[in-house]
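Summary of structural features
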Amino acid sequence: MGNTIDKFYDFLERMVSVTHDAGGFDREKYVRLVQEICVYYDLAKGDVEFYKNVSYEKKKDGIVYCDFDNGKADRILVQTRVVSATQAVIKGTIYVSEDRGTVSDTDKLRIGLLLNLILAFVSRRRLLVSLEQFGFTDLEGYPNFRAFARYLEIHNDRDHLKDKCAFQYDLHNFTMVNEEIGRENGNVVMRNYHRMVAEACGEEGIVCRLGGDKFIGVYPRNREEKVLEIFSGVPVTFTGLEERRIFLSAAVGIFRIPEGFVLRNNGDVMDKIAMTGAIAKKQEDGAVVFYDEKMKAMRGHMHWVQSKFRRALEAEEFRVYYQPKVNIHTKEIVGAEALCRWFHKDQLIPPLDFIPILEQNTDICDLDFYMLDHVCRDIRRRLDEGRHVVRISVNLSRKHLVDVDLQEHIMSIIDRYDIPHQFIEIELTETTTDVRFRDLKRVVSGLQEQGISMAVDDFGIGYSSLNLIREIPWDVLKIDKCFVPQDDDQSSSITNVMFRHVAFRQAVTGGRV
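We now turn to the structure provided with this report. Note that this is a predicted model, so its numbers are computed, not measured. (Residues numbered from 1 in each chain as written. Predicted model: local features only at pLDDT ≥ 70, side-chain atom pairs only at ≥ 80, totals over all residues. Heavy atoms only, no water.)

1. A closer look at unusual backbone geometry
Quick note on the threshold: A helix here means a DSSP run of H or I that spans at least four residues, while a strand means a run of E at least two residues long, and both kinds are numbered starting from the N terminus. Exposure classes here rest on a 1.4 Å probe applied to the protein chains alone. A residue is buried below 20% of its type maximum, exposed above 50%, and partly exposed in between.
One non-glycine residue with positive phi stands out, namely Asp42, at about 55 degrees. In this structure, Asp42 sits in the loop between helix 2 (27–40) and strand 1 (45–51). Note on Asp42: relative accessible area 42%, which makes it partly exposed.

2. A short note on the sheet that holds strand 4 (residues 89–96)
For the record, the criterion: A pair of strands is treated as paired once DSSP finds two or more bridges between them. For helices, the axis comes from a line fit to the C-alpha atoms of the stretch in contact; other axes are also lines fit to C-alpha atoms, and the angle between any two N-to-C directions lies between 0 and 180 degrees.
Taken in spatial order, the four strands make up an open sheet running 2-1-4-3, and their pairing is antiparallel. Two strands close off the open sheet at either side, each with one partner strand: strand 2 (63–69) and strand 3 (75–83). Averaged over all neighbouring strand pairs, the angle between strand axes comes to 10 degrees, with direction disregarded.

3. What about the sheet that holds strand 5 (residues 164–171)?
As a reminder, the rule being used: Whether two residues are in contact is decided by their heavy atoms, any of which lying within 4.5 Å being enough.
Taken in spatial order, the five strands make up an open sheet running 6-7-5-10-11, and their pairing is mixed. Across the chains shown, the open sheet's two edge strands, defined by having one partner strand only, are strand 6 (206–211) and strand 11 (288–290). Direction aside, neighbouring strands of the sheet carry axes that sit 20 degrees apart on average. Relative to strand 10 (residues 250–256), strand 5 is paired through seven bridges, and the arrangement is antiparallel. Directly across from Ala166, in strand 10, lies its bridge partner Phe255. Across the sheet, helix 8 (residues 224–232) lies against strand 5, strand 7 (214–220), strand 10 and strand 11, angled at about 155 degrees from strand 10, the strand it touches most.

4. A few points about the side chain of Glu57
Topologically, Glu57 is positioned in helix 3 (residues 54–58). Taking the relative accessible area as the measure of exposure, Glu57 reaches 11% and is therefore buried. Apart from residues no more than four positions distant in its own chain, Glu57 is found in contact with Tyr51, Arg81, Val89 and Lys91.

Don't take any of this as a statement about function, it's just geometry.
Below, the structure is given as structure tokens:
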């Protein structure tokens, strides 16, 4: 073995060169140099350990690099351990064989210096990887919004966005999926679906998680057919007692980035895919909505509604209109449904022009309480005048169900006007499926105990229709028109059969259809 100072400096210079190569790190070149050093100094093995912090080191939960091992590592010659400012631990160890002769102090010092250089290099590269993971992935390892923003910035600078499509997707009925197969399996399903979307997007695309089951991303336009196939619905594998599959689809908003598009900020893309994604989420499974110029006006109208809502509420621009419920046999009015109408500067704003917008946040809850308050005022006035009063149905958004004190809030309004409870009916729609049955059943049962009638609207179009009547004791089912027989339907038709069975089921449980 040679041990000249010239050879040491040669190794030192080459190590500095290979680890600081401006043209990019050449791993093969680096490994060959490490192996040459080990052979020259008659070393048996050299390894480097990297841990995120001391706790990970104690658990031996880290990464070990070993680029040379001749199988004769009997004893430690040199070992170095460094803790970085970020508390990452980097440890290097050089081994020799038992029959290896004495290593001079000079050679041991030189080997130690080379080892420290390797540690500094490995530490720097691993910390860069850790920073990348910390900055651009979430706690579950999905690329995050920062990764999405960086992708947009890089591709915008290179003028590569013009042939891309940005998207936002939400998994359909994922709350129910978690309830059916368990949260752990649900996480596996979500990750596998994400992987399928990412593979469809290809290497030029990206798929990032915003939170929960909401994802954003970009795909090249020439891969659109593959991506839409995944979004429309595919079987996704998960592992329980045995390998099983579940069919999963997504609600998707897509912005096809046009020629000449210039990204000024992330909102130029995010606003478009968020708007179209919200529209898609209100449609059927596998719905895909593409952004177009008409949506600019929609977005402006949405902002107008949100900015005017509070003042309109204070000015009582929202009025209650009563739609009567008539007994078809006696022609008697037996009830009514309270409908909301908005008059702004004497102009009628149709419900479809403001209700869906208010449902995007908790504004709809304030409007619901406003409606209930005004209904109670009207009932109180009729009672005080000695006039006939019927039960009034008031619609309530399911967004209220996250409020653990919802029952108290409803009853405080009703009792403020001293309204007999039998005159109030609370109506919920089945169209929203992101509510746990436990919360829904708690609210329904609690209000019924107070003598409040409970109704479900649009029964038959939601994900959990059968569970709704099996587990929750509704007083009234308002069946969606898809279940109502048509005049030309035969008595044996599927629609007639289903209608009769639903009506019978509700009748035997004591409710009304």
